[in-house]
Amino acid sequence: MSAHPADPVPHTHGHVQAHGHDHVEDHAHAGDPQPAVRLEGLEKRFGDVAAVAGVDLEIADGEFFSMLGPSGSGKTTTLRMIAGFELPTAGRVLLHGHDVTRLAPFERDVNTVFQDYALFPHMTVAENVAYGLLVRKVPKPERETRVADALRMVRLEGYDRRKPGQLSGGQRQRVALARALVNRPRVLLLDEPLGALDLKLREEMQLELHQIQHEVGITFIYVTHDQEEALTMSDRIAVFNRGRIEQVGAPAEVYERPATKFVAGFVGTSNLIGGAAATAITGNPGLFTVRPEKIRIVDPETPVGDDEHAASGRIRSVVYLGPDTRYHVALDAGEELVVTQQNLATTSTEALAQQGRAVRLIWKRQHQREVAEAL
Ligand code: ATP
C-alpha cells in the first residue's frame, strides 16, 4: 500500500463548512440523485490473479458504505481503483456521474485515509493537516480556519502544536482523518483505518467515525475484514469473496438474511445444515442457516409449535463467555449447531454443567434462511 500523505485534490466543491461548535455541514450535495460512486464491470488482474473479478456497485451520496471480506478478497484493490492508484483491467469508475477511470488520483474528488496514517513525523499536527492546502496554495488565513475546523471535527482542538510522536494511536488516527477532511473531498476512502488500534480504542473510534461521518455528510467508503466493525458503522455493506461481491445490503439484512453460504459464515457464526440432516429436520435437503441466538435449548420431550423447527442432539461443549454462553450441540441427524444464550439467570457453574446433556433445539421457522451454496 503506498503512502499518500495528502493526496492534494483540486478544491472545486465548497461543502463541509463547520459552524460554531456542532460542525453543521453545508448539504450542498446531499441528496444528489447521482450515485457518489458507480462501478461498472470492474476488473483488475495481476498476471494470473484476478484480484477483482467483475464488480458492479452503486454507492449513494452521503452513505457510510463498508467493503467487508477476508484478506485477499479484493477490497483494497477495488478501493485503490476508486482512488486512482490502480488502473482497472476492465470496467469503469464513475464519481457523481463522471467517468474518472483514466484520471490521476489528484484529479478525482476523493481522499484516502490509510491504516498506517502516513503522517509526517517532523511536522506538528497543524502542519500535517495543513499540508494538502499548502501544496494547493490555499492562502494562509483560509488555511488556518480550515485546519482549525478539521481538528474540531475530529475533536483534537488544542493538539495543533504537538508532533505525531507525542500522540496516542487513536489521536494519530484522528489527525490522519483531519488531514483528509480538510480537503473537503466528496468521497472519503478509508482502508482499515482502525487496524492498528487495540480493541477498546477501536470500538470507541468506530462510534466516533460514524458520528463524524454523520456530521460532515461526506460519503465514506470503508474497507475492513472485521464483520462487527462493518455491522456497527455502516448504512450498507458489500461482502467480498474472491474478487466478487456476494451480497450488498444493510447490516441487519446481511446478518439476518445471508444470501450465500460464504456470507452466512463470514458475517456471524455460520450454523449451516444441509443434505440428509436438513431433510431430517426440515423435510428439505437445501442448505439452511439459523443464527445461534435464535435457537432455544429445551428438554428433549418439549412440544414443538407449528411455526417452529426442532432438532434433537447432545451438548458437546460449553464455552462460558461472561455475558453469554456458547453451546456446541451435536445433532442426532448429523452435523452440529452452535447456540448462544444470555446468562440472565444462569451462573457459570450451571452453564458448564450442561455439557453432555441430551436436548432438543427449537427455533422459529421465520428465523431459518435457505442460502445458496455459492454465487
Ligand atoms: P487485505 O485485507 O489483506 O488487504 P483485500 O481484500 O484488500 O485483502 P487485495 O489487497 O485487494 O485484497 O488483494 C486481492 C488479491 O490481489 C490478492 O490475492 C493479492 O495477493 C492480489 N494483489 C493485490 N495487489 C497486488 C499487486 N500489486 N500485485 C500482485 N498481486 C496483487
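These numbers come from a predicted model, not from an experiment. (Residues numbered from 1 in each chain as written. Predicted model: local features only at pLDDT ≥ 70, side-chain atom pairs only at ≥ 80, totals over all residues. Heavy atoms only, no water.)

1. Details of the site of the ligand
No. 1: Close contacts around the ligand come from Phe46, Val49, Ala51, Pro70, Ser71, Gly72, Ser73, Gly74, Lys75, Thr76, Thr77 and Glu192, and that covers them all.
No. 2: In the model, an oxygen atom of the ligand is placed 3.5 Å from a nitrogen or oxygen of the Pro70 main chain.
No. 3: Gly74 is positioned with one of its backbone polar atoms (N or O) 3.0 Å from an oxygen atom of the ligand.
No. 4: Out of a free accessible area of 630 Å², the ligand has 59% covered by protein chains.
No. 5: Of all the secondary-structure elements, those providing two or more residues to the shell around the ligand are β2 (49-59) and α1 (75-83).
No. 6: Looking at the shell around the ligand element by element, the count peaks at three residues for α1. (Near = heavy atom within 4 Å. Polar contact = N/O pair within 3.5 Å; in protein donor to acceptor, adjacent residues only side chain to side chain. Areas by Shrake-Rupley, 256 points an atom, 1.4 Å probe, with all protein chains shown as cover. Helix = DSSP H or I, 4+ residues; strand = E, 2+ residues; numbered from the N terminus.)

2. Quick look at the packing of aromatic side chains
No. 1: Tallying each qualifying case throughout the model produces six aromatic pairs.
No. 2: Ring geometry for Phe64 against Tyr222: centres 5.8 Å apart, planes inclined by 40°, an arrangement best described as tilted. With Phe64 in strand β3 (residues 64-68) and Tyr222 in strand β8 (residues 219-224), this residue pair connects regions lying 158 residues apart in the sequence. The same class applies to Phe64 as to Tyr222, namely buried.
No. 3: With a centroid separation of 5.6 Å and an interplanar angle of 10°, the aromatic rings of Phe262 and Phe266 are classed as stacked. With Phe262 and Phe266 both in helix α8 (residues 261-266) and four residues apart, this pair spans about one turn of that helix.
No. 4: Residue Phe262 is classed as partly exposed on the basis of its relative accessible area, which comes to 22%.
No. 5: The side chain of Arg291 reaches across the aromatic face of Tyr255, ending 4.2 Å from its centre. (Phe/Tyr/Trp six-rings, centres within 6.5 Å; stacked < 30°, edge-to-face > 60°. Buried < 20%, exposed > 50% of the residue type's maximum accessible area, 1.4 Å probe, protein only. Lys NZ or Arg CZ within 6 Å of the ring centre and 35° of its normal.)

3. Quick word on helix α9 (residues 275-282)
No. 1: Listing the buried residues of α9 in full gives Ala277, Ala278 and Ile281. All buried residues of α9 project into a common sector of 100° when viewed along the axis, lining one side. Exposed side of α9, more than 90 degrees from the buried face: Ala276 and Ala280 are the residues found there.
No. 2: As for α9, its buried residues are in contact with β11 (272-273), β12 (288-290), β14 (308-320), β15 (324-331) and β17 (358-364).
No. 3: Downstream of α9 by one or two residues, Gly283 has phi in the positive range, about 80°. (Arc of directions from axis to C-beta. Contact = heavy atoms within 4.5 Å.)

4. Observations regarding the confidence of the model for the protein chain
No. 1: In the predicted model, the protein chain carries a mean pLDDT of 88, and 91% of its residues have values of at least 70.
No. 2: Least confident of the elements in the protein chain is helix α5 (residues 199-216), whose mean pLDDT is 88; most confident is strand β9 (residues 236-241), at 98.
No. 3: Taken as a whole, residues 1-28 scores under 50 in pLDDT and shows 68 contacts with residues more than four places along the chain or in a different chain. (pLDDT = per-residue confidence, 0-100.)

5. Section: the sheet that holds β15
No. 1: On the basis of which strands lie adjacent, the open sheet formed by five strands has the order β13-β17-β14-β15-β16 and antiparallel pairing. The open sheet is flanked by β13 (296-298) and β16 (336-342), the only strands paired with a single partner. Across the sheet, the axes of successive neighbouring strands diverge by a mean angle of 45°, strand direction being ignored.
No. 2: Lying over the sheet, α9 contacts β14, β15 and β17, oriented at roughly 125° with respect to β14. (Pairing = 2+ DSSP bridges. Axes fitted to C-alpha atoms, helices over the stretch in contact; angles between N-to-C directions.)

6. Focus: the domain arrangement of the protein chain
No. 1: Per the domain assignment, the segments making up the protein chain are domain 1 (37-109 + 185-266) and domain 2 (271-370).
No. 2: If you average the C-alpha positions of domain 1 and of domain 2, the two centres end up 34 Å apart.
No. 3: Across the domain 1 to domain 2 interface the summed buried area is about 670 Å²; carbon plus sulfur atoms make up 54%.
No. 4: Between domain 1 and domain 2 we count zero salt bridges in total.
No. 5: Inspection of the region where domain 1 meets domain 2 yields four residue pairs in polar contact (both at pLDDT 80 or more).
No. 6: For the side of domain 1 that touches domain 2, the secondary-structure elements that each account for two or more residues are α7 (251-256) and α8.
No. 7: Of the residues forming the side of domain 1 that touches domain 2, the biggest block, three residues, is contributed by α7. (Domains from an automatic or database assignment. Buried area = accessible area lost by both parts, 1.4 Å probe. Salt bridge = Lys/Arg side-chain N within 4 Å of Asp/Glu carboxyl O.)

7. What to know about α5
No. 1: Here α5 is 18 residues long and its end C-alpha atoms lie 25 Å apart, about the 26 Å a rise of 1.5 Å per residue gives.
No. 2: Those residues of α5 that sit buried are Arg202, Met205, Gln206, Glu208, Leu209, Ile212, Gln213, Glu215 and Val216.
No. 3: Those residues of α5 that are buried lie in contact with β3, α3 (140-153), α4 (169-181), β7 (187-191), β8 and α6 (227-233).
No. 4: Backbone geometry just downstream of α5 places Gly217 in the positive-phi region, at approximately 70°. (Expected span 1.5 Å × (residues − 1).)

8. What about the sheet that holds strand β1 (residues 37-46)?
No. 1: Strand order in the open sheet formed by four strands is β2-β1-β4-β5, and the pairing between neighbours is antiparallel. Two strands in the sheet have a free side with no partner beyond their single neighbour: β2 and β5 (98-99).
No. 2: Here two bridges tie strand β4 (residues 90-95) to β5, and the two strands are oriented antiparallel to one another. The residue bridging Leu95 from the neighbouring strand is His98, located in β5.
No. 3: Together, β1, β2 and β4 form the strand contacts of α1, whose direction differs from that of β1 by roughly 120°.

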